[in-house]
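# Architecture and fold: a report
Below are the chains, spelled out letter by letter.
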Amino acid sequence: MVTSIESSTILVVDDEKSIRRAITKRLAREGHQCIEAGNAEEAIEQIRANQPGLVILDVMMPGRSGNQLLADIVTSFPETAVIMVTAVVDINIVIECMKGGAHDYITKPFDLEQVVQTVDKVLDKRKLELKIKEFQESLKNEVEAQRKEIRKLFLNSIEALIYALEAKDKYTAGHSRRVADIAVAISEQMSLSAEDLDNIRWAALLHDTGKIAVDPAVINKPGRLTPEEYRHVMTHVAVGAGIVKPIVSQQVLEIILFHHAFYNGTGFEQTIKEEEIPLGSRVITIADSYDAMISDRPYRTALTSGQGVAEIRRCSGTQFDPNVVTAFLRVPLL
Ligand SMILES: [Fe+2]
């Protein structure tokens, strides 16, 4: 329940009716709307029903004490201010109440003018606190809106980068997006977290960014690559990681760095194997290989999807992680 910043209703909680009446009468003269409660249970009912901005609470009451009630108010109605009323001898209780979240205290016997002054002071303080809270809330919303806007701009620039890259080459047009779709579909079959899915999607979209630095004559070579040409093509991994490093997270970067890793560790200049390879890389390498196989390439025509699936299955345990292959085989519409 949210207490209105403008609420000036004051709840006076005291088991002595005469004290309640004296306080409410005096505060009413100051223009405050007052309600009363004779014990903790009645007080909670009144707070629920009327959302007072301030509670004046007697510490010593039969049944649940004022400081027990204070704890409930602080927890359940944090926007309600509390002034404790206690006897001078209860100074330790006062300290406890202030630590427990009371805004101020009044000692008995009290002068009603002192009550008015304390109430004014606490209401002003509460108003200020609520305004600060409101401001913090709007600031938080503003930051969140800015964050979304920056992320949108970031995603748009990534898309533009990918379009520019793939526009150079009719064989790879749309490849990154298809790899991302397949990689996400595999990840869903593996019930990966939303964060993993997001990282894998971005890594898939960006995995071949480094091809921008590879000689098109080598990429489009119709025949088999020489070892030197293959080495040159494989530079796209490190080059791509270098290009996207300033704009992606460490996880996305690592997925890109190992997207050509073989599960059994026998890939190009590979130093890690099996589960040491980031899971996202093990997912993307299957999506990447499958899409490459079912697409035309300068050196061969496309395989059918059945042939592509058979090839992925054949390389399970060597090039590909068998668990990820199992998930890949469950992806619909292959
Ligand atoms: Fe690649």
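Conventions used here
- Residues numbered from 1 in each chain as written.
- Predicted model: local features only at pLDDT ≥ 70, side-chain atom pairs only at ≥ 80, totals over all residues.
- Heavy atoms only, no water.
- Helix = DSSP H or I, 4+ residues; strand = E, 2+ residues; numbered from the N terminus.
- Rg over C-alpha atoms; globule rule 2.2 N^0.38 Å.
- Buried < 20%, exposed > 50% of the residue type's maximum accessible area, 1.4 Å probe, protein only.
- Contact = heavy atoms within 4.5 Å.
- Areas by Shrake-Rupley, 256 points an atom, 1.4 Å probe, with all protein chains shown as cover.
- Lys, Arg positive; Asp, Glu negative; His and termini not counted.
- Charge placed at Lys NZ, Arg CZ, Asp CG, Glu CD.
- Domains from an automatic or database assignment.
- Axes fitted to C-alpha atoms, helices over the stretch in contact; angles between N-to-C directions.
- Nonpolar A, V, L, I, M, F, W, Y, C, P; charged D, E, K, R; others polar.
- Pairing = 2+ DSSP bridges.
- Right-handed = clockwise from strand over helix to strand, strands pointing away.
- Core = buried A, V, L, I, M, F, W, Y, C linked by side-chain atoms within 4.5 Å.
- Donors = N, O, S within 2.8 Å, 3.2 Å for Na, K, Ca; no water.
- Tetrahedral: all angles 85-135°; square planar, octahedral: opposite > 155°, others 65-115°.
- Phe/Tyr/Trp six-rings, centres within 6.5 Å; stacked < 30°, edge-to-face > 60°.
- Lys NZ or Arg CZ within 6 Å of the ring centre and 35° of its normal.
- Patch = residues over 30% accessible without salt bridge, like charges linked within 9 Å, V, L, I, M, F, W, Y side chains within 5 Å.
- Salt bridge = Lys/Arg side-chain N within 4 Å of Asp/Glu carboxyl O.
- Parallel < 35°, antiparallel > 145°, perpendicular 65-115°, else oblique.

Time to look at the overall build of the protein chain. For the protein chain, the count of helices and strands is 13 helices and five strands. In summary, the protein chain has a C-alpha radius of gyration of 34 Å against a globular reference of 20 Å for 334 residues, an excess of more than 25%. Relative to its 334 residues, the protein chain shows a buried fraction of 43%. Across the protein chain, every contact between residues at least 6 apart in sequence was considered, and the portion connecting residues at least 24 apart equals 64%. Carbon and sulfur atoms make up 55% of the accessible area of the protein chain, which amounts to about 17700 Å² in all. The average position of the 38 basic charges and that of the 47 acidic charges among the side chains of the protein chain differ by 4 Å.

Okay, the domain arrangement of the protein chain next. Splitting the protein chain by domain gives domain 1 (10-126) and domain 2 (168-330). Computed over C-alpha atoms, the centres of domain 1 and domain 2 are 67 Å apart.

This paragraph deals with the packing of helix α5 (residues 112-167) against helix α7 (residues 194-206). It is the contact of α5 with α7, at a shortest axis distance of 10 Å, that shows an interaxial angle of 35°. Between α5, through Arg 151, Leu 155, Ile 158, Leu 161 and Ile 162, and α7, the contact on the second element is made entirely by Asp 198, Trp 202, Leu 205 and Leu 206. Of the residues in the contact of α5 with α7, the class split is seven nonpolar, no polar and two charged.

Both strand β1 (residues 10-13) and strand β2 (residues 34-37) contribute to a ladder of four bridges, which runs parallel. Along β2, the bridge assignment pairs Val 12 with Glu 36. Each parallel crossover has a hand, and for β1 linked through helix α1 (residues 17-29) to β2 it is right-handed.

Below, the discussion takes up the nonpolar core. Soluble globular proteins: nonpolar side chains tend toward being buried together. Grouped together as the largest cluster of nonpolar side chains are 40 residues, with contacts concentrated most on Ile 186, Ile 284, Ile 286, Ile 312 and Phe 328. Listed by contribution, the elements that provide at least two residues to this core are α5, α6 (175-189), α7, α9 (227-244), α10 (250-257), α11 (279-293), α12 (305-314) and α13 (322-330). Ile 35, Met 61, Ile 73 and Ala 102 belong to the second largest nonpolar core, which has 20 residues in total.

For the rest of this paragraph, the subject is the coordination of the iron ion. Taken together, the protein donors to the iron ion comprise Asp 208 (OD), His 236 (NE2), His 259 (NE2) and His 260 (NE2), at separations of 2.2 to 2.3 Å. Because the angles between the four donor atoms bound to the iron ion fall within 85 to 173°, the donor set is best described as irregular. Coordination of the iron ion draws on donor residues from a single chain, spaced D-x27-H-x22-H-H in sequence. Pair noted here: Asp 208 is in the loop between α7 and α8 (216-219) and His 260 is in the loop between α10 and α11, with a separation of 52 residues, a long-range link.

Here Asp 15 lies in the loop between β1 and α1. Taking the relative accessible area as the measure of exposure, Asp 15 reaches 33% and is therefore partly exposed. Through-space distance from the C-alpha of Asp 15 to that of Ser 191 is 59 Å; in sequence the pair is 176 residues apart. When neighbours within four sequence positions are excluded, Asp 15 is seen to be in contact with Arg 20, Gly 38, Asp 58, Met 60, Met 61 and Pro 62.

Our focus in this paragraph is the packing of aromatic side chains. Applying the stated criterion to the full structure yields three aromatic pairs. A centroid spacing of 5.2 Å and a plane angle of 65° characterise the contact between Tyr 290 and Phe 328, whose relative ring orientation is edge-to-face. Of this pair, Tyr 290 sits in helix α11 while Phe 328 sits in helix α13, placing them 38 residues apart in sequence. The exposure classification of Tyr 290 matches that of Phe 328, with both residues buried. When the ring centre of Trp 202 is taken as origin, the NZ or CZ atom of Arg 201, which lies over that ring, is 5.0 Å away.

As a further point, take a nonpolar patch on the surface. A cluster of nonpolar side chains, namely Ile 91, Ile 95, Met 98 and Tyr 105, defines an oily patch on the protein surface of about 330 Å² accessible area. Tallying contributions element by element places helix α4 (residues 91-99) first for the nonpolar patch, with three residues. Residue Tyr 105 is classed as partly exposed on the basis of its relative accessible area of 32%.

This part takes up the packing of α5 against α6. Taken N-terminus to C-terminus, the directions of α5 and α6 make an angle of 125°; their axes are 9 Å apart at the nearest point. One way to sum up the angle between α5 and α6 is to call them oblique. Contact residues: Glu 159, Ile 162, Tyr 163 and Glu 166 in α5; His 175, Ser 176 and Arg 177 in α6. Partitioned by chemical class, the residues of the contact of α5 with α6 number two nonpolar, two polar and three charged.

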